[in-house]
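Survey of secondary and tertiary structure
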Amino acid sequence: MPDIFNFVSRNFWLLALGFALFNFVVAHRAASRQSTEASVLEAVAYVRKFALASAIPWVIMGVGQLSGATPTVWQYFRPQDGSPFVLAWLASIFVLSCVFAWWALFANGAEVVAKYNLMTVLGQRGTKISSVRSIKLFALLGVLVFPVWVYMAVSMNVPLPR
């Protein structure tokens, strides 16, 4: 019987990319149902950009794991070890959070996200479309919670499984 824990530990990035692909397909289908051809093209373009951005951290993790520098997902809970792939993974998440927050708060991005229901690309499903206010709050919280998460990961000093 295969050891599922070890398989997931070594291939978590593949699972995350699989979910990102699934979310892209769902969002792409939803975007294709826009009312006009121009809005379909615009919605699909935003869906592609969101999907590519959401895949960046998982590609970084995959390169780290495939190269052997970070053999399992558990290394990503130990930023204090200073692995370049872990630091790049964290940096990519933080930069993406900051860019999204800036766009949502200052460049009319929250309205675009609500108009095309782009939260679907990030896995948020449901019949109720997120409000502009909740999208802005989500964007701001992403930036504010990230340093807290990193601090907690360092403080826990997670032992690596053998």
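Above: the structure in question.
Read on for an overview of the structure. Everything quoted here is computed from the prediction, not taken from an experiment.

So, about the overall build of the protein. Looking only at helices and strands, the protein features five helices and zero strands. The order of α-helices and β-strands along the protein, N terminus first, is α-α-α-α-α. Principal-axis analysis of the C-alpha atoms places the extent of the protein at approximately 55 × 35 × 25 Å. In the protein, which comprises 162 residues, the share counted as buried stands at 35%. Within the protein, residue pairs in contact and separated by at least 24 positions form 64% of the contacts whose partners lie at least 6 positions apart. Of the accessible surface of the protein, which amounts to about 9,900 Å², a share of 71% is contributed by carbon and sulfur atoms.

Let us look at the packing of aromatic side chains. The geometry of an aromatic ring pair is captured by two quantities: the separation of the ring centres and the angle between the planes. Applying the stated rule across the entire model yields 14 aromatic pairs. A network of ring pairs unites the aromatic residues Phe-5, Phe-12, Trp-58, Trp-74, Tyr-76, Phe-77, Trp-89 and Trp-149 as a single cluster. We note Lys-49 situated over the ring of Tyr-46; from NZ or CZ to the ring centre the distance is 5.5 Å.

With respect to the secondary-structure elements, Ala-30 resides in helix H1 (residues 4-31). Judged by relative accessible area, which is 32%, Ala-30 ranks as partly exposed.

With that out of the way, let us pick up the environment of Arg-10. By the secondary structure assignment, Arg-10 is in helix H1. Sequence separation between Arg-10 and Gln-65 is 55 residues, and the spatial gap between their C-alpha atoms is 7.0 Å.

Counting 23 residues, the largest nonpolar core has Phe-50, Phe-100, Val-113, Leu-118 and Ile-135 as its most contacted members. Mapped onto this core, the elements with two or more residues apiece are H1, helix H2 (37-67), helix H3 (84-106), helix H4 (109-116) and helix H5 (132-156). Beyond its immediate stretch of four places on either side in the chain, Phe-50 contacts Phe-100, Trp-103, Val-113, Leu-118, Val-121 and Leu-122.

Turning our attention to the packing of H3 against H4. At a minimum axis separation of 5 Å, H3 and H4 run at an interaxial angle of 90°. Between H3 and H4, the interaxial angle falls into the category roughly perpendicular. Here H3 contributes Phe-100, Trp-103 and Ala-104 to the contact with H4, which in turn contributes Gly-109, Ala-110, Val-112 and Val-113. Considering only residue class, the contact of H3 with H4 consists of six nonpolar, one polar and no charged.

On to the layout of surface pockets. The space that makes up the largest pocket amounts to roughly 990 Å³. Lining the largest pocket are 27 residues, with Ser-54, Ile-93, Leu-96, Ser-97 and Leu-122 sitting closest to its centre. Secondary-structure elements contributing two or more residues to the lining of the largest pocket are H1, H2, H3 and H5. Top contributing element to the lining of the largest pocket by residue count: H3, with eight residues.

On to the side chain of Gln-65. With respect to the helices and strands, the residue Gln-65 is situated in helix H2. Ignoring sequence-local partners within four residues, the contact set of Gln-65 consists of Ser-9, Arg-10, Phe-12, Trp-13, Thr-70, Pro-71, Thr-72, Val-73 and Tyr-76.

Our next topic: the packing of H3 against H5. Relative orientation of the contacting elements H3 and H5 amounts to 155°, with a least axis distance of 8 Å. The angle between H3 and H5 places the two elements in the roughly antiparallel class. Relative to H5, the crossing made by H3 is left-handed. Contacts between H3 and H5 involve Trp-89, Leu-90, Ile-93, Phe-94, Ser-97, Cys-98, Phe-100, Ala-101, Ala-104 and Leu-105 on the former and, on the latter, Ile-135, Lys-136, Phe-138, Ala-139, Leu-140, Gly-142, Val-143, Phe-146, Trp-149 and Val-150.

Rules behind the numbers
Residues numbered from 1 in each chain as written. Predicted model: local features only at pLDDT ≥ 70, side-chain atom pairs only at ≥ 80, totals over all residues. Heavy atoms only, no water. Helix = DSSP H or I, 4+ residues; strand = E, 2+ residues; numbered from the N terminus. Buried < 20%, exposed > 50% of the residue type's maximum accessible area, 1.4 Å probe, protein only. Contact = heavy atoms within 4.5 Å. Areas by Shrake-Rupley, 256 points an atom, 1.4 Å probe, with all protein chains shown as cover. Phe/Tyr/Trp six-rings, centres within 6.5 Å; stacked < 30°, edge-to-face > 60°. Lys NZ or Arg CZ within 6 Å of the ring centre and 35° of its normal. Core = buried A, V, L, I, M, F, W, Y, C linked by side-chain atoms within 4.5 Å. Axes fitted to C-alpha atoms, helices over the stretch in contact; angles between N-to-C directions. Parallel < 35°, antiparallel > 145°, perpendicular 65-115°, else oblique. Nonpolar A, V, L, I, M, F, W, Y, C, P; charged D, E, K, R; others polar. 1 Å grid on protein atoms, 1.4 Å probe; cavity = no way out; pocket = protein on both sides within 12 Å on 5 of 7 lines; lining within 4 Å. Points joined across faces, edges and corners; volume = space filled by probe spheres on them. Left-handed = near helix turned anticlockwise from the far one by under 90°.

By themselves, these are just geometric observations and shouldn't be taken as functional.
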